[in-house]
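This is what each chain is made of:
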Amino acid sequence: MKDSNFLKEKNAKSLWHPMAHPADSLNNPPAIITGAQGVRITDVDGHEVVDGVGGLWNVNLGFSCQPVKDAIARQLDVLPYYSTFRGTTNDAVIELSEVLRDFYAPDGLTRAFYTSGGSDSVETALRLARQYHKVKGEEGRTKFLSLKKGYHGTHMGGASVNGNANFRTQYEPLLPGCFHIPAPYTYRNPFNETDPEKLAALCLQAFEDEIAFQGAGTIAAFIMEPILGAGGVIPPHESFMPGVREICTRNGILLIADEVITAFGRTGSWTGSRHWGVQPDMMATAKAITNGYFPFGAVMIADHVAEVFENDKTGKAAIGHGYTYSGHPVGAAAALACLEETLRLNVKDNAAERGTELHNGLLGLMQTYDVIGDVRGGHGLMCAIELVSDRATKTPIDKASAGKIQEEAYKAGAMVRVSGPNIILSPPLVLTSEDVQVILSSLETGLKAVS
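Quick caveat, the model's predicted, so the values are computed rather than measured.

Q: How do you make sense of the overall build of the protein when you look at a structure like this?
A: Looking only at helices and strands, one finds 15 helices and 16 strands in the protein. What you see for the protein is a C-alpha radius of gyration of 22 Å, in line with the 22 Å of a compact globule of 451 residues. Taken along the three principal axes of its C-alpha coordinates, the protein extends 65 × 60 × 40 Å. Within the protein, the fraction of its 451 residues that count as buried is 54%.

Encoded structure:
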């Protein structure tokens, strides 16, 4: 490993960072993380902090999960790679598929299609949704509906169903046939409605109106996150996702749950769909499936969808889609170990308890700091504060001030994530009460710096 002087000198010189302006990375060099243990990360200068970001929503079990590391090492010695394209498979991925079938049984999902990550999983679900309707003889069902503020990755299909202009504008024109409805976002919505239940009803009405306008027979699928993540942690009212499910069923539209973030206990339930009592037709997963230790993902598919493909005799159901690393044996071994440890630790319950503690702490900070316009959370370990320069007008905070809060919080002991006017918290699900207090006190240091 090169020394710290080399790393600092070369930081961002030969590397473009995702989700960042190249010039900004050069002018404000990123933190160089060189080590991690438990729920803490250490930078090149030896500064250790609690990771309030959980890697990127994915290190649910922390950075010291030895069973996953051991599984990866063992698999590398036995079978480091082989393709699962037609004609070959591997033992690890067969075993994983049966484990996932059991894990997702309450969600009604029984088949897995493997990918390399979340964006791949979303792309796969969108493509399979169109193919499903073609196999059924409904070739006209090609459109996709989704929520404004929703985030579905960075592939062309995912960017097209994304509901945030930051991920769209510079890449347009995107996939045609993608339309958006208002999100159940009580702090900002076109109805000026602050009651969550009433807002959910209005958004469902907008969904039905859009279906009527487009024509149900032209729509392949509706894709949504059970709790919107990257858009600023927006939990809907409990009536919303069940309402979406009913409308989709009634109109022959597939419901794709994007659970790249919410699966495996993040919401305080094993899946976000289960949290709201809904069974989707397909579910996109990734991130925590290997605790972030190996790029891996899966699309889980319901029986009734699978049967349309498996019973086809025309050839239309032949899947002309896949990735070099679909069903990678090392990823499958990592996922097997990760799922076993996830269930053994029952992390969903700790996520619920620590999430309540974190959410209440943020509400307390809001009483003191006017720069906090809104606090969102209350469903496991995914929380956000929305920063404003004026509470009365809800004017978003400037970028420099948001960055200052992040910088001072980091110095004080916690890594937090800035996304637009939001500070998002998604720490590992093995967090302790002491760790929660470190995050809150460090965040308060940041808030003081701009107040």
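After presenting the structure, the write-up continues.
Q: Sorry if this is basic, but what is going on with the sheet that holds strand 8 (residues 254-258) here?
A: Strand pairing in a sheet takes place through backbone hydrogen bonds and is either antiparallel or parallel in direction. Ordered in space as 4-10-9-8-7-5-6, the 7 strands form an open sheet in which the pairing is mixed. On the outer flanks of this sheet lie strand 4 (109-115) and strand 6 (178-181), each paired with one strand and no other. Going across the sheet, the axis of each strand differs from the next one's by a mean of 20 degrees, ignoring polarity. In the sheet, strand 5 (residues 143-147) pairs with strand 7 (residues 219-224) via 4 bridges, with the strands oriented parallel. Looking at strand 7, one finds that K143 is bridged to I219.

Q: Could you clarify how one ought to interpret the layout of surface pockets in this entry?
A: The computed volume of the second largest pocket comes to approximately 740 Å³. Around the second largest pocket, the lining comprises 25 residues; the ones closest to its centre are T84, A112, F113, Y114 and I319. Secondary structure elements with two or more residues in the lining of the second largest pocket: helix 5 (91-103), strand 4 and helix 11 (303-310). Considering only residue class, the lining of the second largest pocket consists of 13 nonpolar, 8 polar and 4 charged.

Q: Help me understand the state of the cysteines in this model?
A: What is meant by a disulfide is a covalent connection between two cysteines, made through their sulfur atoms. Under the criterion given, the structure shown has 0 disulfides. There is no disulfide at C65, and the cysteine sulfur nearest it, in C338, is 6.3 Å away. Given a relative accessible area of 5%, C65 falls into the buried group.

Q: Even after reading the chapter, I still don't get the side chain of H152, so can you show me in this structure?
A: You can see H152 is positioned in the loop between strand 5 and helix 7 (156-161). There is a polar contact of 2.8 Å between the side chain of H152 and the side chain of D258. Every residue in contact with H152, bar those within four places of it in the chain, is listed here: V122, S146, G158, V161, N162, I223, M224, E225 and D258.

Q: Mind showing me how you'd approach the environment of E444 here?
A: Tracing the backbone shows E444 in helix 15 (residues 433-448). E444 sits in the partly exposed class, given a relative accessible area of 26%. Sequence separation of E444 and V68 is 376 residues, and the distance between their C-alpha atoms is 35 Å. Excluding anything up to four places from it in sequence, E444 contacts L365 and Y369.

Q: Where do I start with the packing of aromatic side chains in this structure?
A: Each aromatic ring pair is characterised by the separation of its centres together with the angle its planes make. Tallied over the entire structure, the rule returns 8 aromatic pairs. Consider the rings of Y104 and F264, whose centres lie 6.1 Å apart with planes at 70 degrees: the pair is edge-to-face. Here F264 lies in the loop between strand 8 and helix 10 (272-275) and Y104 lies in the loop between helix 5 and strand 4, a separation of 160 residues in the sequence. An aromatic cluster is built from F103, Y104, F264 and W270, whose rings are joined through pairwise contacts. For the cation-ring pair, R274 lies above F103, with the distance from its terminal atom to the ring centre recorded as 5.6 Å.

Parameters at a glance
- Here the residue index of a chain counts from 1 through its sequence in written order.
- The predicted nature of this model means local features are confined to residues of pLDDT at least 70 and side-chain atom pairs, given and counted, to a pLDDT of 80 or more, with totals for whole chains, interfaces and linings taken over all residues.
- Excluding hydrogens and water, the side-chain figures rest on all heavy atoms present in the structure.
- What counts as a helix is a DSSP run of H or I of at least four residues, what counts as a strand is a run of E of at least two, and both are numbered from the N terminus.
- Our radius of gyration looks at C-alpha atoms and nothing else; its globule reference is 2.2 Å times the residue count to the power 0.38.
- Exposure categories follow from relative accessible area, calculated using a 1.4 Å probe and restricted to protein chains: below 20% of the type maximum is buried, above 50% is exposed, and the middle band is partly exposed.
- Pairing between strands is defined by DSSP: at least two bridges between them are needed.
- Every axis corresponds to a line fitted to the C-alpha atoms, with the helix fit spanning only the stretch in contact, and the corresponding angles, defined between N-to-C directions, vary from 0 to 180 degrees.
- Using only the protein atoms, space was sampled on a 1 Å grid; points where a 1.4 Å probe fits but cannot get out form cavities, open sets with protein on both sides within 12 Å along at least five of seven lines form pockets, and lining residues are those with an atom within 4 Å of a point.
- Grid points are joined across faces, edges and corners, and a volume is the space filled by probe spheres set on the points.
- Gly is placed with the polar residues, together with every amino acid not listed as nonpolar (Ala, Val, Leu, Ile, Met, Phe, Trp, Tyr, Cys and Pro) or charged (Asp, Glu, Lys and Arg).
- Any cysteine sulfur atom paired with another within 2.5 Å is treated as part of a disulfide.
- Definition of a polar contact: a pair of N or O atoms within 3.5 Å, with one able to donate and the other able to accept a hydrogen when the atoms are protein atoms, and with sequence-neighbouring residues admitted only if both atoms are side-chain atoms.
- The contact definition used throughout considers only heavy atoms, calling two residues in contact when any of these lie within 4.5 Å.
- Aromatic rings from Phe, Tyr and Trp, with only the six-membered ring used for Trp, were paired whenever their centres fell within 6.5 Å, and each pair was classed as stacked if the ring planes differed by under 30 degrees, edge-to-face if by over 60, and tilted otherwise.
- Working rule: Lys NZ or Arg CZ, within 6 Å of ring centre, within 35 degrees of ring normal, means a charge sits over the ring.

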